[in-house]
Amino acid sequence: MPAPSPYAARLDRIPVHRQEAEVLGGRTAYWVYGPEGAEVTVLAVHGFRGEHHGLEPVVAHLPGVRVIMPDLPGFGETAPLPGREHDIDAYAQWLTAFAAQVAPGAVVLGHSFGSIVASAAVAGGLETPRLILVNPIGAPALEGPKAVLTRLAMLYYALGARLPEALGTELLRNRVIVRAMSIAMAKTRDPELRRFVHDQHDTYFSRFSDRDVLSQAFRTSVSHDVREFAPRIAVPTLLVAAQRDDITPIEAERALVPLFPDAELVEIAHVGHLIHYETPAEAAGAIRRFLRPLVVPAP
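All values derive from a computational prediction rather than experimental measurement.

Novice: Help me get a handle on the nonpolar core, residues and values and all.
Specialist: Formed by 55 residues in total, the largest nonpolar core has its most connected members in Phe75 and Leu95. When residues in this core are grouped by element, the largest group, nine residues, is from helix 3 (residues 88-102). Among residues more than four places away in sequence, those in contact with phenylalanine 75 are His46, Phe48, Arg49, Gly50, Tyr91, Arg207, Phe208, Val213, Leu214 and Ala217. In terms of nonpolar packing, the next biggest core, distinct from the first, is built from 40 residues, Ile14, Trp31, Val134 and Ile268 among them.

What follows is the structure, given as structure tokens:
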């Protein structure tokens, strides 16, 4: 039985509809939340192995803001990009093309792996008035305090890619391993919220199209970080970082800020890499304040 969402009542008050667009030769599924006539539109990019549902708790706390959320190519309901390696160039080109077609002029938001994709796209020319990065990957994965765990993850994905296809895919979708990842990332002590977080990962963390795309996306996620794009991002940028993040330590996030020409950091205490699940109200509050110059309605 699915675990109830503590944010369901808020989200139910926000209109949403699903659409598709042809981008770089493939079909991209995306969801539009909020009023069509909103003065501010946010284009949100989810993290690795996730899909659009993951950022819905943040959307639930942004009434009056129009949010467009696609599933990344190869994840959720979006097919892989035909004939392309799913590297950072492909993802950045896809996001730039998607934005031009569906959400020109939107504020761009990226979470986790989505922070790398969003940063690469904006640094490469995607026009946006502002950039928001939630749980940004602000340092190389192999240099942080969890470098050993990163290397274990690399072995896991490499094994999944090299085994016979059925066995490899079964390993990559293994529910015990997915639950172990979820337990490692969750910091909340609220049993109901933990149950919801684990149910979200159980439900959506394995909705990748195939193991090749997953392997390519993983290599991209550990081969790049926001630091390499920050100096070329001229627009005002908001970093929303967790003080207990196991992926990028808060010290690295603080060191990331001055690499941008114009950036500010909001730190959220008592949470790790799951800001979008555990503290979405705090994240949405920071986002709302950051967007206020663009005329954001009161909650």
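Novice: Kindly report on the side chain of serine 112, identifying the contributing residues and their values.
Specialist: Here serine 112 lies in the loop between strand 5 (107-111) and helix 4 (113-123). A residue is classified by how much of its surface remains accessible, and serine 112, at 9% relative accessible area, is buried. Here histidine 273 takes part through its side chain, which lies 2.7 Å from a polar atom of the side chain of serine 112.

Novice: Just give me the short version of helix 4, but keep the residues and values in it.
Specialist: Three or four residues apart is the spacing at which side chains of an α-helix point the same way, because the helix has 3.6 residues per turn. When you tally the buried positions in helix 4, you get eleven out of eleven residues, the bulk of the element. If you check which residues of helix 4 are buried, you get Phe113, Gly114, Ser115, Ile116, Val117, Ala118, Ser119, Ala120, Ala121, Val122 and Ala123. For helix 4, the secondary structure elements touched by its buried residues are strand 3 (41-45), helix 3, strand 5, strand 6 (131-134) and helix 9 (211-223). With its phi angle positive at about 125 degrees, glycine 125 sits one or two positions after the end of helix 4.

Analysis parameters
Every chain is numbered on its own, with residues counted from 1 as its sequence reads. Owing to the predicted nature of the model, reporting of local features is limited to residues with pLDDT of at least 70; listing and counting of side-chain atom pairs is limited to 80 or more, with chain, interface and lining totals taken over all residues. The basis for every side-chain value is the complete set of heavy atoms in the structure, and neither hydrogens nor water enter the calculation. Definition used in this section: a nonpolar core is a set of buried Ala, Val, Leu, Ile, Met, Phe, Trp, Tyr and Cys residues joined via side-chain atoms within 4.5 Å. Partly exposed residues are those whose accessible area sits between 20% and 50% of the maximum for their type, while under 20% is buried and over 50% is exposed, using a 1.4 Å probe and protein chains only. Helix and strand labels come from DSSP, where a helix needs a run of H or I of at least four residues and a strand needs a run of E of at least two; each type is numbered from the N terminus. Contacts between residues were defined by any pair of non-hydrogen atoms, one from each residue, lying within 4.5 Å. Whenever a nitrogen or oxygen atom comes within 3.5 Å of another N or O atom, the pair is scored as a polar contact, on the condition that within protein one atom can donate a hydrogen and the other can accept it, and that pairs from neighbouring residues in sequence are kept only if both atoms are in side chains.

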